[in-house]
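Below are the chains, spelled out letter by letter.
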Amino acid sequence: MKRLHQLAAIALFCFLATAAMAGDKPIFGPVQYDVKERYGRENRYQIVFSAPEGSALIKLQNGDQSSERAEFMELIVNGEKLLKDERYEYRFIAGSVELKKENTCELMLKDAQPASLKRPVLPPRFVTLSVIPLPMKLAKGAYGLYTWDALPRLAGLLQKIKDPASAGLAATSVNLQQEAQTRAGAVRKLSDRKDETSREFITALYTDAMASPSVRGEAALALGVLGDKTSVPLLINGMLDSDENVRLGSTRALSFYKEEETIEPLANVLGRIDAVRRDTVIKSIENIGWKPVGTFIKLAESSDAQVADMAIGLLGKTKSPRAVALLLKLFEQPGRRRIKTIIVALGETGDSLAVEPLARMVKNTARRSGYEVELGEALANLGDAPSAEVIVEMIKNVQSVWAQDQLRQAYKKLTGKDIPGK
């Protein structure tokens with residue numbers, strides 16, 4: 001019942017805030033300002049207006065369509081820089097400011113500088129500015145919005161954070177008046193507080209595709225720290241993001257969860273995506289040092305030979321006893337899996353249990369045929385000194401110059417010496 005009352009209160013707040021935003025008479029504007037001087041040249045406008053002293057909201061609408069947005073924008077209000085000379089992807093920006101009786105705004109708009117001497121035809125670009133009474137409690141700053149009606153929701157999410165210090169950090173993290181580094185740092189500090197009431201806000205920040213990637217990466221880590229299982233699907237999708245900050249943040253966040261909470265969704269996504277994206281995800285997993293052994297074991301048993309091959313290769317790098325046990329089983333009964341990949345993976349485990357089966361195979365001339373290089377390198381990685389003699393013997397029998405060279409390197413890795421007579 002208490003939860004229902006809370007939801008009703010939030011809904012009422014959003015309704016009243018939206019009504020206020022729609023009904024209040026503007027203090028100034030709306031006025032449209034065009035990007036007249038093109039190709040990186042600045043367009044500066046000075047705006048002077050009278051107003052009641054106190055809090056107000058500057059509403060900036062950057063074009064009607066995405067092609068009409070000014071690529072770079074700067075806004076100074078009464079000598080204070082609200083927006084820096086940067087690219088802002090949001091369609092709307094809400095600036096919470098303190099007004100005087102007489103106010104001056106300086107607005108700068110411009111296109112991006114062309115990379116060459118070519119001057120392509122540019123679409124019209126413009127910004128519409130108006131000033132309205134502040135219809136809600138909102139900290140001073142500038143906030144990016146997809147739609148103007150999203151402002152009450154943002155204010156509501158901030159108000160749901162009960163601790164004032166946490167709420168302050170949350171407001172800083174979305175305040176475009178601050179540098180991206182400062183906003184990301186605010187999310188990191190918010191994460192350290194482990195404030196459960198901030199989870200909904202952090203989720204909204206993480207899923208904001210227009211937010212700075214460094215901020216979204218920190219938001220991913222914050223979700224991982226909070227550890228709510230409902231965040232796992234979002235973080236799995238984040239591993240496929242086009243930006244490395246978001247990918248690595250999402251991957252690291254998933255590593256905070258228990259294996260049983262991530263094994264199914266992670267295995268599902270790795271099993272269904274294309275090879276290029278799979279390699280990107282695997283690179284992220286390796287970069288952070290995460291070893292989701294259970295997921296790799298599940299994928300090693302996949303009916304998709306390519307997926308199974310990928311997982312087997314990863315199992316060797318985990319150096320996990322569970323991985324070794326499965327690899328030894330697959331070595332004896334590979335089925336459709338590639339024996340070469342299994343041999344290499346066993347060598348990478350560094351586990352002495354892998355020596356005997358590999359040494360047995362290398363001594364069988366017929367069985368080792370075609371796998372000499374993989375066997376020599378695996379036994380060298382395992383440090384099996386008695387295999388040095390058989391590596392020399394294989395060098396004499398393989399036909400490929402490349403294979404001979406690879407085996408010579410394996411011999412040197414194992415013994416620390418070049419092959420006698422070479």
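Above this text sits the structure in question.
In this report, we go over the structure that sits alongside the text.

## Regarding the overall build of the chain
Item 1. Along its length, the chain carries 19 helices and 9 strands.
Item 2. Relative to the compact-globule value of 22 Å for 422 residues, the chain shows a C-alpha radius of gyration of 30 Å, a clear excess of over 25%.
Item 3. With the C-alpha coordinates aligned to their principal axes, the bounding extent of the chain is approximately 95 × 65 × 35 Å.
Item 4. By the burial criterion, 48% of the 422 residues in the chain qualify as buried.
Item 5. Sequence-distant contacts in the chain: of pairs separated by 6 or more residues, those separated by 24 or more amount to 72%.
Item 6. As displayed, the chain offers around 21000 Å² of accessible surface, 52% of which is attributable to carbon and sulfur atoms.
Item 7. Separation between the mean location of the 59 positive side-chain charges and that of the 52 negative ones in the chain comes to 1 Å.

## Side note on the packing of aromatic side chains
Geometry of an aromatic ring pair is reported as the spacing of the ring centres plus the angle between the planes.
Item 1. In this structure the tally under the stated criterion is 4 aromatic pairs.
Item 2. Ring geometry for Tyr 90 and Tyr 146: centres 6.1 Å apart, planes at 80°, overall edge-to-face. Here Tyr 90, found in the loop between β5 (80-86) and β6 (92-99), pairs with Tyr 146, found in the loop between β9 (141-145) and α2 (150-159); they are 56 residues apart in sequence, far enough to count as distant.
Item 3. Judged by relative accessible area, Tyr 90 falls into the buried class, the value being 7%.

## Thoughts on the pattern of salt bridges
Item 1. If you walk through the whole model with that rule in mind, you get 25 salt bridges.
Item 2. Across the pair Arg 44 and Glu 42 runs a salt bridge, and its minimum N-O distance is 3.0 Å.
Item 3. Linking Arg 216 and Asp 241 is a salt bridge whose minimum nitrogen-to-oxygen distance equals 3.3 Å. Of this pair, Arg 216 sits in helix α6 (residues 213-226) while Asp 241 sits in the loop between α7 (232-238) and α8 (244-255); the two residues are 25 residues apart in sequence, bridging distant segments of the chain.
Item 4. Put simply, Arg 38, Glu 71, Arg 87, Asp 111 and Arg 125 are held in one network by salt bridges that share partners.

Analysis parameters
Residues numbered from 1 in each chain as written. Predicted model: local features only at pLDDT ≥ 70, side-chain atom pairs only at ≥ 80, totals over all residues. Heavy atoms only, no water. Helix = DSSP H or I, 4+ residues; strand = E, 2+ residues; numbered from the N terminus. Rg over C-alpha atoms; globule rule 2.2 N^0.38 Å. Buried < 20%, exposed > 50% of the residue type's maximum accessible area, 1.4 Å probe, protein only. Contact = heavy atoms within 4.5 Å. Areas by Shrake-Rupley, 256 points an atom, 1.4 Å probe, with all protein chains shown as cover. Lys, Arg positive; Asp, Glu negative; His and termini not counted. Charge placed at Lys NZ, Arg CZ, Asp CG, Glu CD. Phe/Tyr/Trp six-rings, centres within 6.5 Å; stacked < 30°, edge-to-face > 60°. Salt bridge = Lys/Arg side-chain N within 4 Å of Asp/Glu carboxyl O.

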